[in-house]
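# Structural description and commentary
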Amino acid sequence: MKRPQRYHASRWAAAAMILAAALALGACAAGNLLTWNAVDVAALMRSDAGKQKFNVVRFQTYGPVAEQIFGYFLYRDGIEVITGGGTPVVNVGKLTLAEVAADYNSVRKSLMYSSGSGLIVREIVRRDFVVGYTIADVKLDVDLWDITPGGKESGAVLQLVYGDAREKRDGGTYRGSSLSGD
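The structure displayed is predicted, hence computed values, not measured ones. (Residues numbered from 1 in each chain as written. Predicted model: local features only at pLDDT ≥ 70, side-chain atom pairs only at ≥ 80, totals over all residues. Heavy atoms only, no water.)

## Focus: the pattern of salt bridges
Taken as a whole and assessed by the stated rule, the structure comprises 4 salt bridges. Residue Lys94 is joined to Asp77 by a salt bridge in which the shortest nitrogen-to-oxygen separation is 3.0 Å. Here Asp77 lies in the loop between β4 (70-75) and β5 (79-82) and Lys94 lies in strand β6 (residues 89-95), a separation of 17 residues in the sequence. For Lys94, a relative accessible area of 41% translates into the label partly exposed. For the salt bridge of Arg126 with Asp146, the shortest nitrogen-to-oxygen distance reads 2.6 Å. Taken together, the residues span a long stretch of sequence, with Arg126 in strand β7 (residues 119-126) and Asp146 in strand β9 (residues 140-146) at a distance of 20 residues. (Salt bridge = Lys/Arg side-chain N within 4 Å of Asp/Glu carboxyl O. Helix = DSSP H or I, 4+ residues; strand = E, 2+ residues; numbered from the N terminus. Buried < 20%, exposed > 50% of the residue type's maximum accessible area, 1.4 Å probe, protein only.)

What follows is the structure, encoded as structure tokens:
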């Protein structure tokens, strides 16, 4: 006995739905996660990059934790940084790496934080070129995404995403989570 055509049609419909879902997910891609490299801070401070002034944004967690943690993204001219989602970000202006470290200590003291954990310095790489540096508390997860629109001829558009990594609670969410672009 011959099978009804409906069987083949339902297989094609299922395949078409899977293909459409895959295309929709691809279209929603946020960009490319930029790679980073840990740096030798002493060597970096002695280099030309250590003396150079960068555009700087300071960001911090917010939420139920009394002591908020913060970090910095230092980036070159011609780059646009997007945070979104109501994320607390302060444009600090142009600073050197040493001036950022001094700002960190100043802010920490002004907030009367008894101790700060170590800062981690990482260089952010886009297309084999260092576009900037993150300087952040070890308890802060920081990522940068390249979301530069196609056809943009100069510069780059980067999205800063960060979160409090001190401790997970409440079903796996980060305490004081502050992920931009939500």
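More follows now that the structure is in view.
## Quick look at the sheet that holds strand β3 (residues 54-60)
Sheet architecture is open: 6 strands sit in the order β2-β7-β8-β4-β3-β6, paired in antiparallel fashion. Since the sheet does not close on itself, it has two edges, and those belong to β2 (35-38) and β6, each with one partner. Taken pair by pair, the neighbouring strands of this sheet meet at an average axis angle of 25°, ignoring direction. In this structure, β7 lies alongside strand β8 (residues 129-137), joined through 8 bridges in antiparallel fashion. Each residue of the ladder has a partner; that of Leu119, found in β8, is Asp137. Along the sheet face, helix α4 (residues 97-110) touches β3, β4, β6, β7 and β8 and points at about 160° away from the line of β4. (Pairing = 2+ DSSP bridges. Axes fitted to C-alpha atoms, helices over the stretch in contact; angles between N-to-C directions. Contact = heavy atoms within 4.5 Å.)

## Quick notes on the side chain of Asp103
Counting through the fold element by element, Asp103 comes out in helix α4. Those residues within four positions of Asp103 in sequence are excluded, and the remaining contacts are Arg58 and Tyr72.

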